[in-house]
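Listed below, chain by chain, are the residues.
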Amino acid sequence: MGVVTESQFHVLAVDDSPFDRKMIERLLQKSSCQVTTVDSGSKALEFLGLRESNESDDPNATSTSPEVEINLIITDYCMPGMTGYDLLKRVKESAAFRSIPVVIMSSENVPARISRCLEEGAEEFFLKPVKLADLTKLKSHMMKPKLKKESEKPAAEVKPEIEEKESSVIEILTLHQELDSEQQEPVLSNNKRKSMEEVISTTDR
């Protein structure tokens with residue numbers, strides 16, 4: 001894998017074929033993504049911290065946060081055990097991970113299969129072999145959760161910034177008033193001196 005930077009997106013690639021897995025990994029790395037690859041849907045769930053079987057009716061009870069953030073999941077449709085469609089459903093049923101975009105890949109062009117995946121929440125359905133041009137579509141999908149998090153920031157986080165700006169404005173206004181006052185003092189002093197001189201001059205007469 002290439003050197004990971006803060007600006008890179010992290011993609012979880014799932015495919016039981018070693019050749020296809022390596023191919024998608026290289027393509028994603030060319031797109032400046034960090035890639036983690038696994039060979040089955042169950043291992044993808046394990047990586048995410050989701051148990052394979054639903055032991056509880058509560059989706060939140062079967063999930064734990066992974067050590068690293070995943071920005072997108074791209075998975076093969078036809079895999080032994082758990083299919084890409086099954087993995088998609090488990091991710092979308094999880095309150096913790098449903099916001100992660102999921103993309104399905106398949107070597108078979110089956111319209112009903114494609115429609116079912118898109119209806120279940122898949123962002124894209126790519127036909128194999130996946131091309132670099134296909135992966136350029138992924139960046140916009142990976143940005144959506146980040147933009148959503150920014151828009152959902154609590155007002156309490158924004159309020160201190162506003163208060164800080166207001167405080168700075170008040171300080172600047174106070175400083176201006178002090179400077180104006182200092183500039184006016186010599187003027188007042190000169191006027192007072194002139195008045196005294198006029199009084200003295202009148203007395204002398």
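Residues numbered from 1 in each chain as written. Predicted model: local features only at pLDDT ≥ 70, side-chain atom pairs only at ≥ 80, totals over all residues. Heavy atoms only, no water.

Glancing now at the packing of helix 3 (residues 84-93) against helix 4 (residues 111-120). Axis separation between helix 3 and helix 4 bottoms out at 10 Å; the angle between their running directions is 10°. Taken together, the axes of helix 3 and helix 4 are roughly parallel relative to one another. The handedness of the crossing between helix 3 and helix 4 is left-handed. Within the contact between the two elements, helix 3 uses Tyr85, Leu88, Lys89 and Lys92 and helix 4 uses Arg116, Cys117 and Glu120. Of the residues assigned to the contact of helix 3 with helix 4, the class counts are three nonpolar, no polar and four charged. (Axes fitted to C-alpha atoms, helices over the stretch in contact; angles between N-to-C directions. Helix = DSSP H or I, 4+ residues; strand = E, 2+ residues; numbered from the N terminus. Parallel < 35°, antiparallel > 145°, perpendicular 65-115°, else oblique. Left-handed = near helix turned anticlockwise from the far one by under 90°. Contact = heavy atoms within 4.5 Å. Nonpolar A, V, L, I, M, F, W, Y, C, P; charged D, E, K, R; others polar.)

Further remarks concern the sheet that holds strand 3 (residues 72-76). Strand order in the open sheet formed by five strands is 2-1-3-4-5, and the pairing between neighbours is parallel. Either end of the sheet is taken by a strand with one partner, and the two such strands are strand 2 (33-38) and strand 5 (124-127). Across this sheet, the average inter-strand angle for adjacent strands is 20°, counted without regard to direction. As paired strands, strand 1 (residues 9-14) and strand 2 are joined by six bridges and run parallel to one another. Opposite His10, over in strand 2, you have Gln34 as the bridge partner. (Pairing = 2+ DSSP bridges.)

On to the packing of aromatic side chains, then. Across all of its chains, the model carries zero aromatic pairs by this definition. The ring of Tyr85 is capped by Arg116, whose NZ or CZ atom sits 4.0 Å from the centre of that ring. (Phe/Tyr/Trp six-rings, centres within 6.5 Å; stacked < 30°, edge-to-face > 60°. Lys NZ or Arg CZ within 6 Å of the ring centre and 35° of its normal.)

On inspection of all chains with the given rule, the structure shows six salt bridges. The salt bridge involving Asp76 is made with Lys128; its shortest N-O contact spans 3.2 Å. In this pair, Asp76 sits in strand 3 while Lys128 sits in the loop between strand 5 and helix 5 (132-135), placing the two residues 52 residues apart along the sequence. Several salt bridges share partner residues, and in doing so they unite Asp15, Asp20, Asp76 and Lys128 into one network. (Salt bridge = Lys/Arg side-chain N within 4 Å of Asp/Glu carboxyl O.)

Here we take up the confidence of the model for the protein. In the predicted model, the protein carries a mean pLDDT of 79, and the fraction of residues at 70 or more is 60%. Scored below 50 in pLDDT, residues 1-6 shows seven contacts in the model against residues more than four places distant or in partner chains. This model gives residues 54-63 a pLDDT under 50, and the stretch forms 18 contacts once residues within four places in sequence are excluded. (pLDDT = per-residue confidence, 0-100.)

Our next topic: the side chain of Asp15. Positionally, Asp15 belongs in the loop between strand 1 and helix 1 (18-30). Residues within four places of Asp15 in sequence aside, it is in contact with Asp20, Arg21, Val38, Asp39, Asp76, Met79, Met105 and Lys128.

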